[in-house]
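# Topology and contacts: notes
These are the residues of each chain, in order.
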Amino acid sequence: MSQPDVLALREYLGPELKGRTISDARHVISLTDILGYSCLIGRYRELSGRSVLLATSGQLQSALAMIELDGVARRMLLCPPDLNPDHIEGLLAGAEIDAIVTDRPLHRCDDGAHLVVGAGLPERPGAGWKTERATEWLMLTSGTSGPPKIVGHTLDGLAGAIIADGAARYQNATWATFYDIRRYGGLQIFLRAVIGGGSMVLSEPKEATVDHVARLRAGGVTHISGTPSHWRKLLMSSAVADFSPRYVRLSGEIADQAVLDGLARAFPHASIGHAYASTEAGVGFAVNDGREGFPADLIGQNRDGVEMKVVDGSLRIRSHRTARSYVGSGAPQLTDAEGFVDTGDLVELRDERYYFVGRRTGIINIGGLKVHPEEVETVINRHESVRMSRARSRRSPITGAIVVADIVLADGTDAGRHETIRTEILSRCNDALAAYKVPAVIRFVERLDLTAAGKLTRADA
Amino acid sequence: MSVKLKIFSAMQQIAEEQKVTLPPLRDDLALQDTGFDSLAFAILVARLEDDLGIDPFTIAEDAAFPSTVGEFIRAYENVPA
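Residues numbered from 1 in each chain as written. Chains lettered and ligands numbered in written order. Predicted model: local features only at pLDDT ≥ 70, side-chain atom pairs only at ≥ 80, totals over all residues. Heavy atoms only, no water.

### Some points on the overall build of chain B
So the rule is basically this: Helix and strand definitions here come from DSSP, where helices need a minimum of 4 consecutive H or I residues and strands a minimum of 2 consecutive E residues; each element is numbered from the N-terminal end. With the radius of gyration taken over C-alpha atoms, the globule rule is written as 2.2 Å times the number of residues to the power 0.38. Any residue under 20% of the maximum accessible area for its type is buried, any over 50% is exposed, and the rest in between are partly exposed; the area is computed with a 1.4 Å probe on protein chains only. Neither His nor the chain ends is counted toward charge; the positive residues are Lys and Arg and the negative residues Asp and Glu. To locate a charge, take NZ of a lysine, CZ of an arginine, CG of an aspartate or CD of a glutamate.
When you go through chain B residue by residue, the secondary structure sums to four helices and zero strands. Reading chain B from its N end, one meets helices and strands in the order α-α-α-α. For chain B, the C-alpha radius of gyration of 12 Å lies close to 12 Å, the compact-globule estimate for 81 residues. Projected onto its principal axes, the C-alpha positions of chain B cover 30 × 20 × 20 Å. Counting across all 81 residues of chain B, residues that qualify as buried make up 47%. Averaged over its 6 positive side-chain charges, chain B has a centre that lies 7 Å from the centre of its 14 negative ones.

### Some points on the sheet that holds strand E20 (residues 325-327) of chain A
All names here are of chain A. Note the following rule: Two strands make a pair as long as DSSP finds a minimum of two bridges between them. Whenever a helix is involved, its axis is fitted only over the stretch in contact; in every case the axis is a line through C-alpha atoms, and angles between N-to-C directions fall within 0 to 180 degrees. Whether two residues touch is decided by their heavy atoms; if any such pair falls within 4.5 Å, the residues are in contact.
Taking strand neighbours across the sheet as the criterion, the eight strands line up as E3-E7-E6-E4-E5-E8-E9-E20 in an open arrangement whose pairing is mixed. Edge positions in the sheet fall to strand E3 (37-41) and E20, since each of these pairs with one other strand and no more. Neighbour-to-neighbour, the strand axes of this sheet turn through a mean angle of 30°, independent of strand direction. For strand E8 (residues 136-140) and strand E9 (residues 150-154), the ladder comprises five bridges, and the chain directions are antiparallel. Pairing of Met139 across the sheet is with Val151, part of E9. Contacting E3, strand E4 (51-55), strand E5 (75-78), strand E6 (99-102), strand E7 (115-125) and E8, helix H1 (residues 59-69) runs over the sheet at an angle of about 110° to E3. Seen against the sheet, helix H5 (residues 184-196) touches E5, E8 and E9 and runs at an angle of roughly 140° to E8.

### Quick word on the environment of Leu35 of chain A
All names here are of chain A. Relative to the assigned elements, Leu35 resides in the loop between strand E2 (28-30) and E3. Residue classification places Leu35 among the partly exposed positions, given a relative accessible area of 40%. Placed 91 residues apart in sequence, Leu35 and Gly126 show a C-alpha to C-alpha distance of 6.3 Å. Once residues lying within four places of it in the same chain are set aside, the contact partners of Leu35 are Arg10, Leu13 and Gly126.

### Points about the domain arrangement of chain A
Residue and element names in this part refer to chain A. Which entries qualify depends on this criterion: An automatic or database domain assignment supplies the start and end points of every domain. Using a 1.4 Å probe, buried area is obtained as the accessible area two parts lose upon being combined, added over both of them.
Parsing chain A into structural domains produces domain 1 (9-350) and domain 2 (363-444). Computed from C-alpha coordinates alone, the two centres of domain 1 and domain 2 are separated by 33 Å. The interface of domain 1 with domain 2 comprises nine residues on the first partner and 10 residues on the second. Between domain 1 and domain 2, a total of about 790 Å² is buried, with carbon and sulfur atoms accounting for 70% of that surface. It is Arg232, Met236 and Asp256 that lose the most area in domain 1 upon contact with domain 2, and together they represent 51% of the buried surface on that side.

### What about the interface of chain B and chain A?
Basically, it comes down to this: Any Lys or Arg side-chain nitrogen found within 4 Å of a carboxyl oxygen on Asp or Glu counts as a salt bridge. Side-chain atoms alone can form a polar contact between residues adjacent in sequence; in general such a contact is a pair of N or O atoms within 3.5 Å, and within protein one must be able to donate a hydrogen while the other accepts it.
Taken together, the contact pairs 16 residues of chain B with 15 residues of chain A. With both sides pooled, the region where chain B packs onto chain A buries about 1200 Å², and carbon together with sulfur makes up 61% of that total. Counting across the chain B and chain A interface gives four salt bridges. Linking Asp55 of chain B and Arg395 of chain A is a salt bridge whose minimum nitrogen-to-oxygen distance equals 3.3 Å. If you look at where chain B meets chain A, you find seven residue pairs in polar contact (both at pLDDT 80 or more).

### Observations concerning the nonpolar core
In plain terms, the rule: Joining through side-chain atoms within 4.5 Å is the link that ties buried Ala, Val, Leu, Ile, Met, Phe, Trp, Tyr and Cys residues into a set, and such a set is a nonpolar core.
Leu47, Leu69, Val101, Trp137, Phe190 and Leu191 of chain A are the most contacted members of the largest nonpolar core, which has 55 residues in total. Sort the elements by how many residues they give to this core and H5 of chain A lands first, with eight residues. Not counting residues up to four positions away in its chain, the partners in contact with Val101 of chain A are Leu40, Leu47, Val52, Leu53, Leu54, Ala55, Thr56, Ala65, Leu69, Val117, Gly118 and Ala119 of chain A. Counting residues in each nonpolar core, the second largest holds 53 residues, with Val386, Ala391 and Ile421 of chain A together with Leu22 of chain B among its members.

### Considerations on the pairing of strand E10 (residues 174-177) of chain A
For a regular strand, side-chain orientation follows a simple rule: the groups alternate between the two sheet faces. Residue and element names in this part refer to chain A. Just so we agree on the cut-off: The crossover handedness rule: strands pointing away from the viewer, path from first strand over the helix to second strand clockwise, crossover right-handed.
Burial of E10 is two-sided: the residues Thr174 and Ala176 facing one way and the residues Trp175 and Thr177 facing the other way are all buried. As paired strands, E10 and strand E11 (residues 199-201) are joined by three bridges and run parallel to one another. Note on E11: the bridge partner recorded for Ala176 is Val201. Assessed by its sense of winding, the connection that carries the chain from E10 through H5 to E11 is right-handed. Taken together, the three bridges between E10 and strand E12 (residues 223-226) define a ladder with parallel strand orientation.

### Let's talk about the packing of aromatic side chains
As a reminder of what qualifies: Ring pairs shown here join Phe, Tyr and Trp side chains whose ring centres sit within 6.5 Å, with only the six-membered ring taken for Trp; geometry is labelled stacked below 30 degrees between planes, edge-to-face above 60, and tilted in between.
This model, assessed by the stated rule, comprises 19 aromatic pairs over all chains. With a centroid separation of 6.3 Å and an interplanar angle of 80°, the aromatic rings of Trp175 of chain A and Tyr247 of chain A are classed as edge-to-face. Taken together, the residues span a long stretch of sequence, with Trp175 of chain A in strand E10 and Tyr247 of chain A in strand E13 (residues 247-250) at a distance of 72 residues. As far as the burial class goes, Trp175 of chain A and Tyr247 of chain A line up, both buried. Counting every residue linked through ring pairs, the aromatic cluster contains Phe36, Phe41, Phe57, Phe65, Phe72 and Tyr76 of chain B.

### Here we look at the sheet that holds E11 of chain A
All names here are of chain A. Across the sheet, which stays open at both edges, the eight strands sit in the order E2-E1-E11-E10-E12-E13-E14-E15 with mixed pairing between neighbours. Across the chains shown, the open sheet's two edge strands, defined by having one partner strand only, are E2 and strand E15 (282-287). Across the sheet, the mean angle from the axis of one strand to that of its neighbour is 20°, orientation sign disregarded. As defined by bridge partners, strand E14 (residues 271-278) adjoins E15 across five bridges and the pair is classed as antiparallel. Pairing of Ser278 across the sheet is with Gly282, part of E15.

### Some thoughts on the pattern of salt bridges
Inspection of every chain in the model, using the stated rule, returns 36 salt bridges over all chains. Across the pair Glu136 of chain A and Arg75 of chain A runs a salt bridge whose closest N-O atoms are separated by 3.3 Å. Pair noted here: Glu136 of chain A is in strand E8 and Arg75 of chain A is in strand E5, with a separation of 61 residues, a long-range link. One connected set of salt bridges, linked through shared partners, spans Arg394 and Arg395 of chain A together with Glu49, Asp50 and Asp55 of chain B.

### What about the side chain of Thr378 of chain A?
All names here are of chain A. Mapped onto the secondary structure, Thr378 falls in helix H9 (residues 373-381). Side-chain polar atoms of Thr378 contact the backbone oxygen of Glu374, separated by 2.9 Å. Thr378 has contacts with Asp256 and Glu292, leaving out every residue within four places of it along the chain.

As structure tokens, this is what we get:
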């Protein structure tokens, strides 16, 4: 069965654009002639129409397999590197997986019930796949507790924001992201590279910032994306001085004015944009005016067919870019009756602009009064000596909880100035925030950890 | 610095931050006359826990919250650090 109206990734790859590559720290693979080769080993011809788990150790093998299997497999479930092995069995059943593509022995799964196909580098002759169907792209939510939910997308929806931007303007772009491309934020960048006709430099887990930046420079990266936390970490490193991208993108967390201004100073020649996207809601919008928040006129229907509204303070999105559904038996509804996804991200309108204030699930309750950790961090981050901060809840025998803050100061901050800085931060918090939102205790720390999705770890959230 | 002096110093610091005028601190001063609200006491207890390593009000679940400054200080002095 041939469906000529269905576009798969292979349609964006061909010999006409020269010099396209995708690379990680060990390999540089040509995208220009990628369709002539296969990265799959074994009984790969049986993958057509299958529901495939992509479980590779590195991002590169997954990228190559996605290119090969999009339009061929019925489903592809992208397996992020930090997946808890205890959850795999449930995911296999939920997504009705009947084939596994992997570069490592998966003894747990190799029980005869699944077709297991190897993944390597594109060294064998191409399989000559034709696009036969619109493959379902399944990915996992990045929630911190409990088994992840499976979210189902189509390439059409995933690429909606890329096509709307005009993919052709990225033809000479080399993309990079701090994310893993097997999660929504990273996948967006991978798709921008493939669909836009560009190249890509993949991140490596646990790679030192200075080595990563060296690879970004060597690879000629022009467009790069990460969370505000990723960027704050990069801005702390002296390596940033040698890097000069043309486009810097933030998403996945609230981009406050301090990080936007910091990036504008570090990359005076780059255009800097922050995007709103989530695994469930897809890409909502991008803001390129250098200011935190977003213009109020984005609420309503925009010309790209994205419709947004604010109900009970939280942002709701309806568009063809949102996920189709949660996948699996007993999976909850992804949208409300009208097709809107409730993002759980809370916004506040001030002077014709909406500002993100935090997640509904992250609220700290101080004797019945609500505090968003993000609103406290935004005030702290404005202090010129602060690089990163995290506000969190601490148990209190008196009010149930209090707000405390962990703060990373700029390199080379004299320890003798700590008390002065603490007093300055507290005084700014007192000026900008209600008393119960002001951190009761400020702790200076060496570093703050990020989750696998690049977000600030919020243990109490 | 004695426990008592540490407590007084932390209270003065919080009073300054919260723009509260503390009356002269004496053992028989009622806590409700210090000008501290429950938030100020929550901050005080958290900072003292960091400074002294103890939070006597969480350790002893049945302990009644003290009513005077003197009782508040003794709650800290009576807990083996």
